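So the chains spell out like this:
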Amino acid sequence: MTTPENLIDDLTDDLTGDPTDDLTGDLTGDPTDGPTDDLIDDGRHDFDFLAGTWHVRHRKLADMADPECREWVEFDGVHWLRQTLGGLGNVDNQTLAMPNGAHEGMSLRLFDPETRLWNIWWAATGNPGHLEPPVSGRWDGTHGEFRGPDSVGGKPIEVRFTWDVFDADTARWEQAFSFDEGDSWVHNWRMSFTRVSYAVQGSAEVRSARSVRSVRSADRVSGLRG
């Protein structure tokens, strides 16, 4: 009998690289490789850290449509991401071993160089054939925030995604809904990421780009404070 735990074991036992390896053939480098100083620092590289395969620990409200819900469920998942459009976009896949069975989801992220905003769409097996309305936003150092309108249970809501990167191998994503036009927020989903593998070896320059931007951001803040 297949259980959520067995599913995750099967997915992670043999993970030694990115599941997209078969698609990349003989590629030996990341298309965004290059000296860190040469990276275009307009925000397009802010999700570079997420390329590769991750183990994810989920903590989610049992009923996200109910702002009064206080019951939490926890489960594991596997996440992988590959970049596309020369780094201006990426696609990820989530396998979730939820208590009621295995589910699958995916995100599409596209960067707009003119606005310097990321737009993020979500789709899942729970609602096949449908892309959720996008959230939009940007990063500030190692923290990113993205918002957008949606509806749940036929009622309009505001959705907020937040990302926090702690180091090269750990990160956290959180989701919150506002049922009162942004006056208050109900946190309903947390995903804690631990890296399994990088997408492509030899891309240390790209992986270090975030730390370089963080230092630059800290310098700017320090300058503003005198």
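The structure we're discussing is the one just above.
Residues numbered from 1 in each chain as written. Predicted model: local features only at pLDDT ≥ 70, side-chain atom pairs only at ≥ 80, totals over all residues. Heavy atoms only, no water.

Right, let's get into the pairing of strand S5 (residues 117-124). Looking at chain direction, strand S4 (residues 101-112) and S5 are connected through eight bridges and run antiparallel. Note that in S5 the partner of Asp112 across the bridge is Leu117. Where S4 hands over to S5, the hairpin turn is made up of four residues, of which Arg116 adopts a positive phi near 60 degrees. Pairing of S5 with strand S6 (residues 135-140), which is carried by three bridges, proceeds in the antiparallel orientation. Residue pairing in the sheet places Asn119 in a bridge with Ser136 of S6. (Pairing = 2+ DSSP bridges. Helix = DSSP H or I, 4+ residues; strand = E, 2+ residues; numbered from the N terminus.)

According to the stated counting rule, one finds eleven salt bridges in the structure shown. Across the pair Glu68 and Arg70 runs a salt bridge, and its minimum N-O distance is 4.0 Å. We note that Glu68, like Arg70, is exposed. In this structure, the salt-bridge partner of Arg190 is Glu174, at a minimum N-O distance of 2.7 Å. Of this pair, Arg190 sits in strand S10 (residues 186-198) while Glu174 sits in strand S9 (residues 170-178), and the two are 16 residues apart along the sequence. (Salt bridge = Lys/Arg side-chain N within 4 Å of Asp/Glu carboxyl O. Buried < 20%, exposed > 50% of the residue type's maximum accessible area, 1.4 Å probe, protein only.)

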